[in-house]
Amino acid sequence: MRILGIETSCDETAAAVVEDGRHLLSNEVVSSMDLHALFGGIVPEIAARSHIEVINPVIEKALKTADCNWHDIDGIAVTYGAGLNGSLLIGVLTARTLALVKNKPLYAINHMEGHLYANFITSTSLSNYLLPDNTPKFPMLGLIVSGGHTQLVFFKDHKNYQLLGQTTDDAIGEAFDKVAKILGLPYPGGPSVSRLAEKGDPNAYKLPIAKTQKEFDFSFSGLKTAVLRLAQHEIGESYDFPSKLLSERLNESQKANIAASFQRVAIDTVVKKTLAANNRFNPKSIVIGGGVASDSLLRSRLSEELPHGFITTDRKLCTDNGAMIATLGFYQSKFSKPSNPYTLGTFPNLSM
Ligand code: KG4
Ligand code: ZN
């Protein structure tokens, strides 16, 4: 069974074809990131306009690379939440139209759930993909670490899960992006903070790990503020010194040490909670997904701490992509009815 997956929840316009929920035939992504970088963060109107411009060519390319025509496609899966509404609308309206015109079943996919299902892809005809050897097993613990979400989810089976905890304020990727701004690094902040952190001392500064009321919840806004106060203190200024002027006054070694100290605490926070959830729920597999899942420190810390390891996938499938949506679409086709192509709406605040 071949599913076309369409993803437009944020700044990536993505389409992919996946066979039987495990074999990747194509994975096309066009990002409008460079346009947002000029503004230091996502501009929703620019994201939506970019989706309109490229969605049809991206879908055509995904079909062509997969060597498929519409007769070979058995269903269309599309992200309907969570995300920016203007962006989601482009993907959903395109998928609805194609489902009607091409007479295909339509599957509405939860973006965060999709991130975890990227780990079910175990083979591909494409070059340069480092994929997991084994399919995740249930019960499965999922850690979602992205620009919009930080969540721990326990899956008894496909479509049967419980949200254990989530961030009460900023997502971890958002914290990376905000710290990048303080340090004068380009958007998206995750990769640029991680790169600079390699040159710094992770123990140079002591930053706080937030305490949360619920055991498996997260909080990152205090850490972000602590980084701001630290940077102001380092240049001898008080808390009212404007954050956008900080990076010119910090020297390279201060910046690298701040990046490394922040990264250590942010990553330790999610590693500790994942370890605690693993000890409590004893899953057969642990999977991670979302843009921050490509962070090298997160991967190495989890390998050190988790006795039976964890599953993650190629970095190209950690950030937003259509393949994860197509993969979950395959499983959804087994467990739920297709959506109505005349009425499917968008859910910007959809939760797990
Ligand atoms: O999953 P994703 O592509 O989009 C959302 O669903 O949000 O994640 C994007 C986030 C951004 O905040 C970006 O800074 C972060 O993932 N990110 C990273 C890395 N690569 C991307 N964070 C830390 N280390 C990385 N290597
Ligand atoms: Zn995402």
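None of these values were measured; they are calculated from a predicted model.

**Topic: the packing of helix α2 (residues 44-65) against helix α3 (residues 85-101)**
Reasoning step 1: In the contact formed by α2 and α3, the axes pass within 8 Å of each other and the chain directions differ by 30°. Comparing their axes, α3 and α2 come out roughly parallel. For the pair α2 and α3, the sense of crossing is right-handed. Counted together, Ala47, Ala48, His51, Ile52, Ile55, Asn56 and Ile59 of α2 and Gly86, Ser87, Ile90, Gly91, Thr94 and Leu98 of α3 form the full contact between these two elements.
Reasoning step 2: Here the residues of the contact of α2 with α3 sort into seven nonpolar, six polar and no charged.

**Looking at the site of ligand 1**
Reasoning step 1: Neighbouring ligand 1 are 19 residues; Gly147, Asp177, Gly190, Gly291 and Asp295 lie closest to it.
Reasoning step 2: Measuring from an oxygen atom of ligand 1, one finds a backbone N or O atom of Gly173 at 3.1 Å.
Reasoning step 3: Take Gly291: an N or O atom from its main chain is 3.0 Å from an oxygen atom of ligand 1.
Reasoning step 4: Its free accessible area being 560 Å², ligand 1 has 88% of it covered by the protein chains.
Reasoning step 5: If you list the elements that add at least two residues to the shell around ligand 1, you get α4 (111-117), α5 (172-182) and α6 (189-197).
Reasoning step 6: By residue number, the principal contributor to the shell around ligand 1 is α6, which donates four residues.

**Describing the pairing of strand β8 (residues 150-157)**
Reasoning step 1: The element β8 is largely enclosed, with a buried count of six among its eight residues.
Reasoning step 2: Alignment of strand β7 (residues 140-145) against β8, held across six bridges, turns out to be antiparallel. Bridge pairing in β8 links Gly142 to Val153.
Reasoning step 3: Between the end of β7 and the start of β8, which pair antiparallel, lie four residues.
Reasoning step 4: Here six bridges tie β8 to strand β9 (residues 160-166), and the two strands are oriented antiparallel to one another. Counted as the bridge partner of Val153 is Leu163 from β9.
Reasoning step 5: Counting the residues between successive antiparallel strands, the hairpin from β8 to β9 contains two residues, one of them, Lys159, with a positive phi of roughly 60°.

The rules behind these values
- Numbering of residues starts from 1 in each chain and follows the order in which that chain's sequence is written.
- By the order in which they are written, chains take letters starting at A while ligands take numbers starting at 1.
- Local features in a predicted model are, by the rule used here, given only for residues with pLDDT of at least 70; side-chain atom pairs are given and counted only at 80 or more, and totals for whole chains, interfaces and linings are based on all residues.
- To get the side-chain values, all heavy atoms of the structure are used, and hydrogens and water are removed first.
- The convention used is that axes are lines fitted to C-alpha atoms, helices contributing only their stretch in contact, and that angles between N-to-C directions extend from 0 to 180 degrees.
- Note on conventions: DSSP H or I runs of at least 4 residues are helices, E runs of at least 2 residues are strands, and numbering of each starts at the N terminus.
- Roughly parallel means an angle under 35 degrees; roughly antiparallel, over 145; roughly perpendicular, 65 to 115; everything else is oblique.
- Handedness of a crossing follows from how the near helix is turned relative to the far one, being left-handed for an anticlockwise turn of less than a right angle and right-handed for a clockwise one.
- Pairs of residues are marked as contacts when any of their non-hydrogen atoms sit within 4.5 Å.
- Polar here means any residue outside two lists: the nonpolar Ala, Val, Leu, Ile, Met, Phe, Trp, Tyr, Cys and Pro, and the charged Asp, Glu, Lys and Arg; Gly therefore counts as polar.
- For each residue, the test is whether any non-hydrogen atom lies within 4 Å of the molecule or strand; if one does, the residue is near.
- Polar contacts, as counted here, are pairs of nitrogen or oxygen atoms within 3.5 Å of one another; within protein the pair requires one atom able to donate a hydrogen and one able to accept it, and residues that are adjacent in sequence qualify only if both atoms are side-chain atoms.
- Only the protein chains shown count as cover for residues, with accessible areas throughout obtained via the Shrake-Rupley method and a probe of 1.4 Å.
- Between buried and exposed lies partly exposed: a residue is buried under 20% and exposed over 50% of the maximum accessible area for its type, with that area taken using a 1.4 Å probe on protein chains only.
- When DSSP finds two or more bridges between a pair of strands, those strands are recorded as paired.

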